[in-house]
Amino acid sequence: MPKNITTPGHTPKLTKLHKLSIAGVATLGAAALAFSLVPGNSQTTTNDAAVSAAKVAYSEQQIKDVKASVTDQLAGADLKAQAIAAKKKAAADATAAAKKKAADAAAAKKKAAAQAAAKKKAAASRAKAAAASRSTQRIKIETVAAKTYANNLDGWIRESLDIMKAKGIPGTYQGLHKNIMRESSGNPMAINDWDINAINGIPSKGLLQVIPPTFKAYHVAGTSWDIYNPVANITAACNYAADKYGSMDNVNSAY
């Protein structure tokens, strides 16, 4: 069996078992010593001395055996203490590892949640930006749709040109303006009551002096049916001129 194992400079703490074992060794030693010193009787013989010596020798061997047993017990107790300490350390290490693993898992979960929240926020931001862009586009479209024109010759010509462009009717500002000034001097209520058309009961009317049958035949959808309406009169006359002359710009006299 292994002998007592101690760490240099370190005295192991005595347990109750250690104390009891040492006390037992001390008691046996004292008893053996007393027995060897006291004579058996006053008539000591050579045989008695031999017996006494034998008894003393036996007692010393017994003490050695007890000491060895105590030493072995102490060594065993120390090994058991070391084993218990090792188990406790292993348990503590396992607990620490489990806590670290749980902490790492929690940190990873928190990081994943933060990344998901960031992605969601970014997506919401992009959606908001897209909505704002669509709103801006709608405002621009509405602005174009709500375009207004001055209620004068310049405004009437410009509004007519926008409608003509949408309908594919050719003509320029200068071509319209020169013919209007020749035909009516820019008066939307002008009426010719002396030429052949007037004699036939269909006098020329409006800015571009259009007769009612021509206005009806070349009326542009989306404009007024009132022949005196400046825009309706201009667009119908330009539609007629485009059909007969290619464009109002090509008209330089009565048409």
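Cut-off values and rules
- Each chain carries its own residue numbering, running from 1 in the direction its sequence is written.
- Residue-level local features of this predicted model are given only where pLDDT is at least 70; pairs of side-chain atoms are given and counted only at 80 or more, and the full residue set underlies all totals for whole chains, interfaces and linings.
- To obtain the side-chain values, all non-hydrogen atoms of the structure were used and water was disregarded.
- Within this scheme a cavity is a closed region of a 1 Å grid, computed over the protein atoms alone, that accommodates a 1.4 Å probe without allowing it to escape, whereas a pocket is open but has protein on both sides within 12 Å along at least five of seven lines; lining residues each have an atom within 4 Å of a point.
- Grid points are joined across faces, edges and corners, and a volume is the space filled by probe spheres set on the points.
- Gly counts as polar in this scheme, as do all residues outside two lists: the nonpolar Ala, Val, Leu, Ile, Met, Phe, Trp, Tyr, Cys and Pro, and the charged Asp, Glu, Lys and Arg.
- Pairing of aromatic rings covers Phe, Tyr and the six-membered ring of Trp, with a centre-to-centre limit of 6.5 Å; geometry is then stacked below 30 degrees between planes, edge-to-face above 60, and tilted otherwise.
- Starting at the N terminus, helices and strands are each numbered in turn, a helix being any DSSP run of H or I of at least four residues and a strand any DSSP run of E of at least two.
- When accessible area is computed with a 1.4 Å probe and restricted to protein chains, residues below 20% of their type maximum are described as buried, those above 50% as exposed, and intermediate ones as partly exposed.
- Take a side-chain nitrogen of Lys or Arg and a carboxyl oxygen of Asp or Glu: if they are within 4 Å of each other, that pair is a salt bridge.
- Helix axes use the C-alpha atoms of the stretch in contact, all axes being lines fitted to C-alpha atoms, and the angles between their N-to-C directions lie in the range 0 to 180 degrees.
- Reported orientations rely on four angle classes, namely roughly parallel under 35 degrees, roughly antiparallel over 145, roughly perpendicular from 65 to 115, and oblique for the rest.
- Here a crossing is called left-handed whenever its near helix is offset anticlockwise from the far helix by less than a right angle, and right-handed whenever the offset is clockwise.
- The contact definition used throughout considers only heavy atoms, calling two residues in contact when any of these lie within 4.5 Å.
- The definition of a polar contact used here is a pair of N or O atoms within 3.5 Å, where within protein one atom must be able to donate a hydrogen and the other to accept one, and adjacent residues in sequence count solely through side-chain atom pairs.
- The quantity known as pLDDT measures the predictor's confidence residue by residue, on a range of 0 to 100.

**Q** Looking at this structure, I do not really get the layout of surface pockets. What am I missing?
**A** One way to see where empty space is left: roll a probe the size of a water molecule over the atoms. Here the largest pocket defines a volume of roughly 300 Å³. The wall of the largest pocket is formed by 14 residues, among which Asn197, Ser204, Gln209, Ile211 and Tyr255 lie closest to the centre. Classifying every residue of the lining of the largest pocket by side-chain character gives 7 nonpolar, 5 polar and 2 charged.

**Q** Where do I start with the packing of aromatic side chains in this structure?
**A** Here the distance between the centres and the angle between the planes together describe a pair of aromatic rings. By the definition in use, this model includes 2 aromatic pairs. Ring plane angle 75° and centroid distance 5.3 Å describe the contact between tyrosine 218 and tyrosine 240, whose orientation is recorded as edge-to-face. One end of the pair, tyrosine 218, is in the loop between helix H6 (212-217) and helix H7 (230-245); the other, tyrosine 240, is in helix H7, with 22 residues separating them in the sequence. Residue tyrosine 240 is classed as buried on the basis of its relative accessible area, which comes to 16%. Relative to tyrosine 255, the ring of tyrosine 240 has its centre 6.1 Å away and its plane inclined at 35°; by these criteria the two rings are tilted. Taken together, the residues span a long stretch of sequence, with tyrosine 240 in helix H7 and tyrosine 255 in the segment after H7 at a distance of 15 residues. Given the relative accessible area of 24%, tyrosine 255 is considered partly exposed. In textbook terms, an aromatic cluster arises when at least three aromatic residues are bridged by ring pairs, as seen for Tyr218, Tyr240 and Tyr255.

**Q** How should I be thinking about unusual backbone geometry in this particular structure?
**A** For residues besides glycine, phi is generally negative; the peptide bonds are generally trans as well. A positive phi angle, close to 60°, is found at serine 185, a residue other than glycine. Among the residues examined, serine 185 registers a relative accessible area of 57% and is labelled exposed. Its identity is not glycine, yet glutamine 209 carries a phi of approximately 45°, on the positive side. Positionally, glutamine 209 belongs in the loop between helix H5 (196-199) and H6. Look at glutamine 209 and you get buried, because its relative accessible area is 13%.

**Q** Where do I start with the pattern of salt bridges in this structure?
**A** Side chains bearing opposite charge may pair, as long as their charged atoms lie close to each other. In total, this model carries 5 salt bridges according to the counting rule given. Notably, a salt bridge pairs aspartate 162 with lysine 147, separated by 3.3 Å at the nearest N-O pair. Pair noted here: aspartate 162 is in helix H3 (residues 153-167) and lysine 147 is in the loop between helix H2 (46-145) and H3, with a separation of 15 residues, a long-range link. The shortest N-O distance in the salt bridge between aspartate 154 and arginine 158 comes to 3.1 Å. Linking aspartate 154 with arginine 158, this pair stays in helix H3, spanning 4 residues, or about one helical turn.

**Q** Help me out: how do you make sense of the packing of H3 against helix H4 (residues 173-184) in this one?
**A** In a packed pair of helices, the relevant descriptors are the angle between the two axes and the axis-to-axis distance. At a minimum axis distance of 10 Å, the contact between H3 and H4 shows a crossing angle of 130°. Relative to H4, the element H3 is oriented oblique. Seen along the crossing, H3 lies across H4 with a hand that is right-handed. For the pair H3 and H4, contact is made by Leu153, Asp154, Ile157, Arg158, Leu161 and Met164 and by Tyr173, Leu176, His177, Ile180 and Met181, respectively. Of the residues belonging to the contact of H3 with H4, the class tally is 8 nonpolar, 1 polar and 2 charged.

**Q** Teacher, can you tell me more about the side chain of asparagine 233 here?
**A** Positionally, asparagine 233 belongs in helix H7. By relative accessible area, which is 0% here, asparagine 233 ends up buried. Of the polar contacts made by the side chain of asparagine 233, one reaches the backbone nitrogen of leucine 207; its length is 3.5 Å. Beyond its immediate stretch of four places on either side in the chain, asparagine 233 contacts Lys205, Gly206, Leu207, Leu208, Gln209, Val210, Phe215 and Ile227.

**Q** Teacher, can you tell me more about the confidence of the model for the protein here?
**A** A low pLDDT score tells you not to read the predicted coordinates there in detail. Mean pLDDT for the protein: 80, with 69% of residues reaching 70 or above. Here residues 1-7 is modelled with pLDDT under 50, and outside its nearest four sequence neighbours on either side it reaches 10 contacts, counting other chains as well. Low confidence marks residues 49-58, where pLDDT is under 50. Its contacts with residues over four positions away, or in another chain, come to 3 contacts.

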